[in-house]
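# A closer look at the structure
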Amino acid sequence: MSKEKVQIFDTTLRDGEQVPGCKLNTEQKLVIAKRLDDLGVDVIEAGFPISSPGDFNSVSEIAKIVKNATVCGLTRSVKKDIEVAAEAIKHAVRPRIHTGIGTSASHIKYKFKSTPEEIIERAVAAVKYAKTFVEDVEFYAEDAGRTDNEYLARVCEAVIKAGATVLNIPDTTGYCLPEEYGAKMRYLKENVTGIDKAILSCHCHNDLGLATANSIAGVVGGARQIECTINGIGERAGNTSLEEVVMVLRQHPYLNLDTNINSKLLYSTSKMVSESMGMPVQPNKAIVGANAFAHSSGIHQDGVIKNRETYEIIDPADVGVTESAIVLTARSGRAALAYRAKKVGYELTKLQLDEVYKEFLNFADRKKEIVDSDIHQIIEISKIDIKAIA
């Protein structure tokens, strides 16, 4: 059975760039946009064109070079925003305008000082106006995570009638639980007239560390687009991590869902974005962190050396990592020491290993990590006949 496709909407260059200190210039954005296109993302949200002349220029230049992905520009439900976005993306092979408005009771009352009916009217007007420029119009219901489902369904139905092709259901504050967010998607699938004419999209924030879980729950509930960023960068605690959702879907075949992402480019893309934005990736970050495929516990090391799948559910090569790392520490066992010693040219017998291991533990208790040069020194101090070591 062929897997159903989930579209990947990358907003690294828009939502991701909103992180303080992560501003990119146009040249840097073009390099990343080209890589995202090569990576296989379906949609690149290139920016918020009306926000500044620089952002307009970046979106415009990205639209000119992207060959495969849809290029998207963000707007508010404001005519001028939509006009500027349309101008910025006019050279795109596949242009999309992403417009919307807040729909939660809090946003309606405090942010817009409006009424639910007026919000629907503004939403419909924005979609209709965007539709005069492009065929592909995505509507976002900001703070949908805290929006009453019945009202949200009314908004979605109205904007579909107005021509929206994608419905973005953001968990703007990262507040939803996975079960709740998935149920929201199911509710919309079951209660919005004309829902078959639009794609439901997940846009989750990571304030409670649930962005990936919520996005997966969303596609299980019926969404077919995930909005995400490389390394999960974004406002506050960040957005859904592209590399995480891609590999979750790929590693769980019973979901019968997959993406078009070339996963072998994930690690190098992560490094590119990290270096360009000056945002280090935390070592324990799933999929692309320095420790994602590193093992320092003796029990784990022994298992991985015997069979990688004992402690690794992903082949490092599948995400562009050369190999698993066996890190030597005071917690490492003989198997790990023998493995690393062989890597630097020593084939130790069992008796030799026993002798070397004693000296290894003395070293390891004094250092956080034993490196290759230390292994040479340890063997020398152990006074093992070097000729007996192949």
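Below is a summary of the structure that appears in this document. (Residues numbered from 1 in each chain as written. Predicted model: local features only at pLDDT ≥ 70, side-chain atom pairs only at ≥ 80, totals over all residues. Heavy atoms only, no water.)

Now for the side chain of glutamate 312. Counting through the fold element by element, glutamate 312 comes out in the loop between α11 (298-306) and β12 (325-326). Within the local environment of glutamate 312, its side chain forms a polar contact with the side chain of histidine 295, the two groups lying 2.7 Å apart. At 2.6 Å, the side chain of glutamate 312 and the side chain of serine 324 are in polar contact. When sequence neighbours within four positions are dropped, the list of residues in contact with glutamate 312 reads Phe293, His295 and Ser324. (Helix = DSSP H or I, 4+ residues; strand = E, 2+ residues; numbered from the N terminus. Polar contact = N/O pair within 3.5 Å; in protein donor to acceptor, adjacent residues only side chain to side chain. Contact = heavy atoms within 4.5 Å.)

Moving on: the packing of helix α7 (residues 178-191) against helix α8 (residues 211-220). The geometry of α7 relative to α8 is characterised by a closest axis approach of 8 Å and an angle of 30° between their N-to-C directions. Considered as vectors, α7 and α8 are oriented roughly parallel to each other. Remark: the crossing between α7 and α8 carries right-handed chirality. Side by side, α7 and α8 meet where Pro178, Tyr181, Gly182 and Met185 of the first sit next to Ala213, Asn214, Ala217 and Gly218 of the second. (Axes fitted to C-alpha atoms, helices over the stretch in contact; angles between N-to-C directions. Parallel < 35°, antiparallel > 145°, perpendicular 65-115°, else oblique. Left-handed = near helix turned anticlockwise from the far one by under 90°.)

Core analysis: the biggest nonpolar cluster contains 87 residues, and Ile8, Val41, Phe139, Leu167, Ile169 and Leu242 have the highest contact counts within it. Per element, the largest residue contribution to this core is nine residues, and it comes from helix α6 (residues 149-162). Not counting chain neighbours up to four residues away, the residues in contact with isoleucine 8 comprise Val41, Asp42, Val43, Ile226, Cys228, Leu242, Val245, Val246, Thr259 and Ile261. With 20 residues, the next largest nonpolar core counts Ile326, Ala330, Tyr357 and Ile384 among its residues. (Core = buried A, V, L, I, M, F, W, Y, C linked by side-chain atoms within 4.5 Å. Buried < 20%, exposed > 50% of the residue type's maximum accessible area, 1.4 Å probe, protein only.)

Let's shift gears to the state of the cysteines. Disulfides are covalent bonds that link the sulfur atoms of two cysteine residues. Applying the stated rule across the entire model yields zero disulfides. Here cysteine 228 stays unpaired: no disulfide links it, and the sulfur of cysteine 202, its closest cysteine neighbor, is 9.9 Å away. (Disulfide = S-S within 2.5 Å.)

Tallied over the entire structure, the rule returns two aromatic pairs. Arranged with centres 5.2 Å apart and planes meeting at 90°, the rings of tyrosine 129 and phenylalanine 133 form a pair that is edge-to-face. The class for tyrosine 129 is buried, based on a relative accessible area of 18%. Here lysine 79 stacks its cationic end above the ring of tyrosine 129, 4.9 Å away from the centre of that ring. Cation over ring: arginine 366 sits above phenylalanine 363, and NZ or CZ is 5.0 Å from the ring centre. (Phe/Tyr/Trp six-rings, centres within 6.5 Å; stacked < 30°, edge-to-face > 60°. Lys NZ or Arg CZ within 6 Å of the ring centre and 35° of its normal.)

The strand order around the closed barrel formed by eight strands is β2-β3-β4-β5-β6-β7-β8-β9, and the pairing between neighbours is parallel. Taken over all neighbouring pairs, the strand axes of this sheet differ in orientation by 25° on average, direction set aside. Both strand β2 (residues 7-10) and strand β9 (residues 225-228) contribute to a ladder of four bridges, which runs parallel. Opposite aspartate 10, over in β9, you have cysteine 228 as the bridge partner. Relative to strand β3 (residues 43-47), helix α2 (residues 53-65) is tilted by about 150°, and along the sheet it contacts β3 and β4 (70-74). (Pairing = 2+ DSSP bridges.)

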